[in-house]
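Each chain is listed here by its residues.
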Amino acid sequence: MPKKPKLKSILIIGSGPIVIGQACEFDYSGTQALRSLREDGIETVLINSNPATIMTDPSMADHVYLLPLTTKSIVKILKDHPHIDAVLPTMGGQTALNLCIEADEKGIWEDFDVEIIGVNIDAINITEDREKFRELMLKIGIPMAPQATATSYLKGKEIAQEFGFPLIIRASFTLGGAGASFVYKEEDFDELLTRGLEISPIHEVMIDKALIGWKEYELELLRDSNDNVVIICAIENMDPIGIHTGDSITVAPAMTLSDKTYQRMRDMAIHMMRNIGDFAGGCNVQFAVSPDENEDIIAIEINPRVSRSSALASKATGYPIAKIAAKLALGYHLDELQNQITKSTSALFEPTLDYVIVKIPRWNFDKFEGSDRRLGLQMKSVGEVMGIGRSFQEALHKATQSLEIKRNGLGADGKGYKDYDQIIEKLTYASWDRVFAIYDAIQMGIPLSRIHEITKIDMWFLKQYEELYFLEKEISTFTIDTIQKDLLLEGKQKGYGDRQIAHMLGCLESQVYNKREELGVNRVFKLVDTCAAEFEAKTPYYYSTFESDVETTDGKRYADNESIVSDKKKVIVLGSGPNRIGQGIEFDYCCVHGVLAAAECGYETIMINCNPETVSTDFDTADKLYFEPVFWEHIYDIIRHEKPEGVIVQLGGQTALKLAEKLSKYGIKILGTSFESLDLAEDRGHFSSLLKELNIPYPEFAIATTADEAAAIADVLDFPILVRPSYVLGGQGMKIVINKEELEKHVVDLLRRMPGNQLLLDHYLDGAIEAEADAICDGENVQIIGIMEHIEPCGIHSGDSNATLPPFNLGNLVMQQIKDHTKKIALALNTVGLINIQFAIKDDMVYIIEANPRASRTVPFIAKAYGQPYVNYATKVMLGEKKVTDFDFNPQLKGYAIKQPVFSFDKFHNVNKKLGPEMKSTGESILFIDDLKDDEFYNLYSRRKMYLSK
């Protein structure tokens, strides 16, 4: 029984659509909280408008409301469930907290006799209102930077005059640092002050004296109602103050903090948490530390909720913060709960790390043309990766290998910057690729003291970089035949990939792999166990590393491998890596359901992924989790170690799909649709030949590899022409051009950015309607699971369109063509599993735009709209366990469901906000309407024409 016996039914508020500053880490925390509450027999009611999440699955809560996050929706739910006892608003990020406050101000919780648990409103108000927070901190003796509050333009100017520059402006009650900025020069101040005042919902900003060069740290805390407090994780930002923590490279445990200062920081954090309010749950505290011997500590802010960093801290330590925070909100005490990893020790402990983790954010500036790519106080990243290693260097390399930006790690791939001025600029104005530019600077011979002077990054980190560069230089003096085991082992221990070592030795990646085999330099797997191996871990959560052999007394030599291989039949699911525009949480949803379905079929399930924000990397989603880059070398070693029946690639988006060719080449079984079929769908020439054979229409097209070829094609095709590179995701590089001048400019630009890529030139069907279909196929039978019509015209990326399920004005003739084409194409591609096909409809003729024989972005939306477990069915088909005809398809939908895209343009000023064939949305919500007379539908439909940009 929970410690508060009156709590029988709890409402959880989710975080809504994904935006920059609030991504799928709150799906992870919400999912954990729901599981945690249900373990205690509590009825759970969830509100969240995001259909792509695991938390909105019917199986996750007793009642799921896919409704807009408004007080109107809250009132509806409380009327439907008058027995709800409490609301837990700390699992849904800033969105949930803001909604909770609004409902409190309107007296809704009081009217329905609902208790707020996990936090109290006073704590939220104190931490969000920067003036109140400052007053409290000074009262309890916590130092803060000189700062003052401005509620008007005039007051802001007065403060600036008093403090002098540089300054920091922070807007009150905002998310992801919205409205915050670093002001170096007086001439920039007016504009940035005005922007901050406008963005703050209460039109208030806090102006701080900037702490240039100070180091930044975060502590994750948990506290119970008995006032026990534990520090779960200390995270150090490699980047100094001035870059939002969501955009910073972060490291755990803290690397450059003296123990004495850490103890002071702990005491301050606990003191702060106890003074902001009487609540039980999670808390995140941020500090600045002076870079001199004094190590002065200044508090930056405190968030009395599960934060963005909580997911990272949970994955870094193996301690499930959200799960325990939910129990604490019920009234449990930490000493009554079990450590979820060891299952034998209490939750009242502080995790110990015998490894290092490095988090690197993932940006998508290419989608925001004209955006300021410099990093600052306003968060701009769309996702993140985490690397786990035995050293900072190994973890840093694994994180850079996880980013999927065509880099093989730091240096040693021939892609570094060579221009002195460019490197200095990237160091001076923190850039998204500064992590690489530091290495390039050292390689160029710029002294560490100069790099430190410019970046203010602690010398310890810079020395780690320098050591890597010295190692690269040393390895480069050898060849594949002359390199010794010790040096090769050192290169691997410091995280260099086989591709990088091959680059240094002037040979092939496969030769380095074979050399490692020959010399016995093999990857071993270690447990993430929360307690540095002091107690036995029961949860199989692994990372890889390289170790020197140990010799036993009987002369045997071995490297200790903690991943024990069972004799069960196994299946590996490849995850989707970091979130980015075009590939987000919806693929994590598919991966998690793939894992669960494989488990139902009796397989031991193995998950490989490197995204710390997700449910797929929760330690108890799969039977075994390998927290590793979705990078060939790592995957191949895991496959060789585990020897699975096969690998599922079609649930992890383009990330997993890109590895299909390698898997096929190495004779590893791909479960479901074969590599040949996947490749055929991607190769426009071959795919069009297939459509021709099937007598299915498609827009006229041609392939160009030079600007001259493109110009010649334009004479035949007629404008407008849609230009796109092959093998890309989220419409990257796609554009509609209307004359030769535009065509030449775009083609030259694309070939510069993607040398050697084939460009597809399609005649663009102006004014066509766009539709898409998702289906499951077993090679013989095809079941269409959903047909959607886009409200916006053809030419706007499907991820940016409002998609209506079912279609609202396609006649019987068109619908029949869509059904016939879908079935023909699915069978002709020998699809086993999921397939998504996109159509353009003009003059009642249905043309094929493209086909993707994999899980699509829309599958979770259709599954939620119809209340059907489609990914579960598709996975069982991929595994060969079931045929399509074995399932009872019974979609339930009254009226229509609309998938609505959500954009994060407010993070990028002066950016082209027009929509076109390249995807720009960061998330989505679902809207249910009873009929087409609904005002929301009318509104969307009347605005559809204005979106199209050529």
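The model shown is predicted, which means the values in this text are computed figures rather than measured ones.

K.L.:
Honestly, helix H30 (residues 870-878) in this entry has me stumped. Any pointers?
P.N.:
For the α-helix, the turn length of 3.6 residues means that residues three or four positions removed from each other point alike. For H30, the buried fraction is high: nine of the nine residues fall into the buried class. When H30 is considered as a whole, its buried residues turn out to be Tyr870, Val871, Asn872, Tyr873, Ala874, Thr875, Lys876, Val877 and Met878. The inward-facing, buried residues of H30 abut helix H20 (585-600), strand E24 (646-648), strand E29 (769-778), strand E30 (782-793), strand E32 (832-842) and helix H29 (859-866). One or two positions beyond H30, positive phi appears at Gly880, with a value near 75°.

K.L.:
What is the right way to look at the side chain of Thr56 in this model?
P.N.:
In this fold, Thr56 is placed in the loop between strand E2 (43-47) and strand E3 (63-65). A distance of 3.2 Å separates the side chain of Thr56 from the backbone oxygen of Asn50, its partner in a polar contact. Polar side-chain contacts of Thr56 include one of 2.7 Å to the side chain of Thr53. Not counting the four nearest positions on each side in its chain, Thr56 is found in contact with Leu46, Asn48, Asn50, Pro51, Val64, Leu66 and Lys864.

K.L.:
Before we go on, may I ask you to explain the pairing of strand E17 (residues 523-527) in this structure?
P.N.:
Every regular strand shows the same layout, with side chains that alternate between the two sheet faces. Counted residue by residue, E17 has five buried out of five residues, so it is predominantly covered. Side chains Arg523, Phe525 and Leu527 project from E17 onto one buried face, and the interleaved Val524 and Lys526 project onto a second face that is buried too. Both E17 and strand E18 (residues 541-546) contribute to a ladder of five bridges, which runs antiparallel. Considered in E18, the bridge of Arg523 is made with Phe546.

K.L.:
Would you explain the packing of aromatic side chains in this entry?
P.N.:
How two aromatic rings sit relative to each other is set out by the distance from centre to centre and by the angle between their planes. In the structure shown here, the tally under the stated rule is 29 aromatic pairs. Look at Phe903 and Phe905: their rings are 5.3 Å apart centre to centre, the planes differ by 5°, and that puts the pair in the stacked class. Looking at Phe903, the relative accessible area reads 24%, which means it is partly exposed. Taken together, the ring pairs in this structure connect Phe365, Phe368, Phe903, Phe905 and Phe908 into an aromatic cluster. Here Lys569 stacks its cationic end above the ring of Tyr603, 4.2 Å away from the centre of that ring.

Procedures and definitions
- Residues numbered from 1 in each chain as written.
- Predicted model: local features only at pLDDT ≥ 70, side-chain atom pairs only at ≥ 80, totals over all residues.
- Heavy atoms only, no water.
- Buried < 20%, exposed > 50% of the residue type's maximum accessible area, 1.4 Å probe, protein only.
- Helix = DSSP H or I, 4+ residues; strand = E, 2+ residues; numbered from the N terminus.
- Contact = heavy atoms within 4.5 Å.
- Polar contact = N/O pair within 3.5 Å; in protein donor to acceptor, adjacent residues only side chain to side chain.
- Pairing = 2+ DSSP bridges.
- Phe/Tyr/Trp six-rings, centres within 6.5 Å; stacked < 30°, edge-to-face > 60°.
- Lys NZ or Arg CZ within 6 Å of the ring centre and 35° of its normal.

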